[in-house]
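So the chains spell out like this:
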Amino acid sequence: MQTSALQVIHERRSIRRYKDTPIPSADLEQILDAGIWAPSALNKQPWHFTVITDRALIDSIHAQGAAWLKQTEGRVVEKHCLHHAPCVLLVSGRADNHWAPIDCALASQNVLLAARALGYGSCFIGMLSQWLQSPAAADFLTQCHIPDGYQPQHFIALGTPDEVAPAPARIEQTITYL
C-alpha cells in the first residue's frame, strides 16, 4: 500500500487496541529502517531498537510498570500499558549524547509514520519512561541486552489495528507568522 507522506501524517492515530496478528518480518524491517533514517544532531544516530514480540515479556512489562506507577505515583493503571500489542519496541539512546532523547523521538516518529504507511497501527508509550530509568526496571533491562552506554527512553506499541479512533480536532491558534 503506497500513500503520500502528508496523507500518512493526517491518518496516523495512536492505536490502543490491536489484533493478535504478528507483523511479518519484512514489514517490521521496513518500519525499523525508517527509524534509523531519522535526522539526528550532528548525524550521531544515537538510537537502538529492541524488538519485543514475546507475549509473556510484554505482559510482564505492563505488570512491572503498572506496579511501579502505583507505588511511586499512586496511579492506578486500568488498561494494559502496552495495549496488548503483538510487537513492542524499546527505544534506547546513547547515555553520553545530550540530544539522544530528541533524536530518539525523531526516530520514533519515523517508525510511527512508516507503520501507518504499511497499514499498521502504533502508539508512542511515554507513561513508562520514568520506570525504565529507575532501578525497579533493572531486571527487565538485563533481559533486553541493550548495548553498553545506552539508556532506555520509551516504548512503541505496533500491530494491526483492531480499532481506529476518529481524528481529534486540532487546536486552533497554534501558528504565528512574523
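Going by the structure above, here's the rest.
A quick note: this is a predicted structure, and the numbers were derived from the prediction, not measured.

Student: Which residues make up helix 4 (residues 100–117), and what values do they have?
Tutor: Between its terminal C-alpha atoms helix 4 stretches 25 Å, which fits the 26 Å expected from 18 residues at 1.5 Å a residue. Within the span of helix 4, buried status applies to Ala 100, Asp 103, Cys 104, Ala 107, Ser 108, Val 111, Leu 112, Leu 113, Ala 114 and Ala 115. Buried residues belonging to helix 4 abut helix 1 (5–11), helix 2 (25–36), strand 1 (47–52), strand 2 (87–94), strand 3 (121–125) and strand 4 (150–159).

Student: Account for the pattern of salt bridges, naming residues and giving values.
Tutor: Taken as a whole and assessed by the stated rule, the structure comprises five salt bridges. The closest approach of N and O atoms between Glu 11 and Arg 116, which form a salt bridge, is 2.4 Å. In this pair, Glu 11 sits in helix 1 while Arg 116 sits in helix 4, placing the two residues 105 residues apart along the sequence. Residue Glu 11 is classed as partly exposed on the basis of its relative accessible area, which comes to 29%. Assessed through its relative accessible area of 22%, Arg 116 is described here as partly exposed. Note that Arg 55 is salt-bridged to Asp 20, the shortest N-O span being 3.4 Å. Placement of Arg 55 in helix 3 (residues 55–73) and of Asp 20 in the loop between helix 1 and helix 2 is noted, with a sequence separation of 35 residues between them. Using a relative accessible area of 28% as the deciding quantity, one classes Arg 55 as partly exposed. One continuous salt-bridge network, built from bridges that share partners, spans Arg 17, Asp 162 and Glu 163.

Student: Residues and numbers for the packing of helix 2 against helix 4, please.
Tutor: Helices that pack against each other are described as a pair by the angle of their axes relative to one another and the distance between those axes. At a closest axis distance of 7 Å, the pairing of helix 2 and helix 4 adopts a crossing angle of 145°. Of the two possible hands of crossing, helix 2 and helix 4 adopt the one that is right-handed. Contacts between helix 2 and helix 4 involve Ile 31, Ala 34 and Gly 35 from the former and Ala 107, Asn 110, Val 111, Ala 114 and Ala 115 from the latter.

Student: Tell me about the packing of aromatic side chains, residues and numbers included.
Tutor: The tally for this structure, following the rule as stated, stands at two aromatic pairs. Aromatic side chains Trp 131 and Phe 140 sit 5.6 Å apart centroid to centroid with 25° between the ring planes, which places their arrangement in the stacked category. On the accessibility criterion, Phe 140 (0% relative accessible area) is buried. Each ring, one from Phe 140 and one from Phe 155, has its centre 6.1 Å from the other, and the planes form 50°; the classification is tilted. Of this pair, Phe 140 sits in helix 6 (residues 138–144) while Phe 155 is found in strand 4, placing the two residues 15 residues apart along the sequence.

Rules behind the numbers
Residues numbered from 1 in each chain as written. Predicted model: local features only at pLDDT ≥ 70, side-chain atom pairs only at ≥ 80, totals over all residues. Heavy atoms only, no water. Helix = DSSP H or I, 4+ residues; strand = E, 2+ residues; numbered from the N terminus. Expected span 1.5 Å × (residues − 1). Buried < 20%, exposed > 50% of the residue type's maximum accessible area, 1.4 Å probe, protein only. Contact = heavy atoms within 4.5 Å. Salt bridge = Lys/Arg side-chain N within 4 Å of Asp/Glu carboxyl O. Axes fitted to C-alpha atoms, helices over the stretch in contact; angles between N-to-C directions. Left-handed = near helix turned anticlockwise from the far one by under 90°. Phe/Tyr/Trp six-rings, centres within 6.5 Å; stacked < 30°, edge-to-face > 60°.

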